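Here is how the chains run, residue by residue.
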Amino acid sequence: DLHNEILLLAKLRHPGIVQLKEAFEYDNFVYVVMELLEGGELFEHIIRKKKYTEDDARKVIKSVAATLAYCHERKIVHRDMKLEPLMLSGSIEKSNIKVIDFVFAAEINPLDESDLNMVCGTPGYVAPEMLLGDGYGTSIDCWSLGVILYVLLVGFPPFNVNGDRDMLFRDIKNGNYTFDHPSWNNISLQAKDLVKKLLISFPEKRVT
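Caption draft 1: Representation of the layout of surface pockets in the model. The calculated volume of the largest pocket comes to roughly 560 Å³. Around the largest pocket, the lining comprises 29 residues; the ones closest to its centre are T138, S139, C142, P203 and V207. Put simply, the parts of the chain that give the lining of the largest pocket at least two residues each are α3 (54–73), α4 (128–132), α5 (139–154) and α7 (189–198). Residue contributions to the lining of the largest pocket peak at 6 residues, all from α3.

As structure tokens, this is what we get:
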């Protein structure tokens, strides 16, 4: 909830995370003052850009991975990583990528890395272990990062079954995605390899 997000953001001080300036309650309302991000959503910039290159995708993933590493080192998992919560602090040429929206974020028990069990997040980005209900930890963010990378490279998601949620979740649980589309023909083997290492169904084998 909002109070949880405020408490977590107060702990997180990283250039890749939107900064909480102040929070206060007045007349039964909670007011949250956040860092001003004038660049808007990264997703909107991608849509406007006529050509989005693999090098562009590399820069985005490197930045977001560094931010997630900072959170995971502090035993905090975002739980709703996707393109939409990625914002630009200013113009694309001189901008930092900022992760926002920590409403579903949670702290993990240091003695049990898989102690979370609430199903949350956005359907096309959720990790298999969250759907299976066996408990999960920070590795779910890495799966979501793999989905983001896939979309950045070719412009469409790895799991898309035209609105049928049951089929979507079945494909996610089984790791059913391919590189068959012609859009993958010009993508490097290294990029495909990273997608494979992030979108692996077994969290213990997934790269951190």
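We are not done yet, so read on.
Caption draft 2: Just the environment of L88, in detail. Tracing the sequence through the fold places L88 in strand β5 (residues 86–88). For L88, a relative accessible area of 3% gives the class buried.

Caption draft 3: View of the packing of α5 against α7. Closest axis-to-axis distance for the α5/α7 pair is 8 Å, and the angle between their directions is 150°. Compared by their axis directions, α5 and α7 come out roughly antiparallel. As for how α5 packs across α7, the hand of that crossing is left-handed. Counted together, C142, W143, L145, G146, L149, Y150 and L153 of α5 and A191, L194, V195 and L198 of α7 form the full contact between these two elements.

Caption draft 4: Layout of the nonpolar core. Judged by nonpolar contacts, the single largest core of 60 residues is most densely connected at L86, L152, L153 and V195. Top element by residues in this core is α5. It accounts for 12 residues. Setting aside residues no more than four positions away along its own chain, V195 makes contact with L149, Y150, L153, Y177, F179 and W184.

Caption draft 5: Spatial organisation of empty space enclosed by the protein. Inspection of the entire model under this criterion finds 1 cavity of 30 Å³ or more. In this structure, the largest cavity spans a volume of roughly 60 Å³. Residue lining of the largest cavity: R79, D80, M81, C120, G121, T122, Y125, V126, A127, M130, I140 and S144, and that is the complete set. Broken down by class, the residue content of the lining of the largest cavity amounts to 7 nonpolar, 3 polar and 2 charged.

What counts as what
Residues numbered from 1 in each chain as written. Predicted model: local features only at pLDDT ≥ 70, side-chain atom pairs only at ≥ 80, totals over all residues. Heavy atoms only, no water. 1 Å grid on protein atoms, 1.4 Å probe; cavity = no way out; pocket = protein on both sides within 12 Å on 5 of 7 lines; lining within 4 Å. Points joined across faces, edges and corners; volume = space filled by probe spheres on them. Helix = DSSP H or I, 4+ residues; strand = E, 2+ residues; numbered from the N terminus. Buried < 20%, exposed > 50% of the residue type's maximum accessible area, 1.4 Å probe, protein only. Axes fitted to C-alpha atoms, helices over the stretch in contact; angles between N-to-C directions. Parallel < 35°, antiparallel > 145°, perpendicular 65-115°, else oblique. Left-handed = near helix turned anticlockwise from the far one by under 90°. Contact = heavy atoms within 4.5 Å. Core = buried A, V, L, I, M, F, W, Y, C linked by side-chain atoms within 4.5 Å. Nonpolar A, V, L, I, M, F, W, Y, C, P; charged D, E, K, R; others polar.

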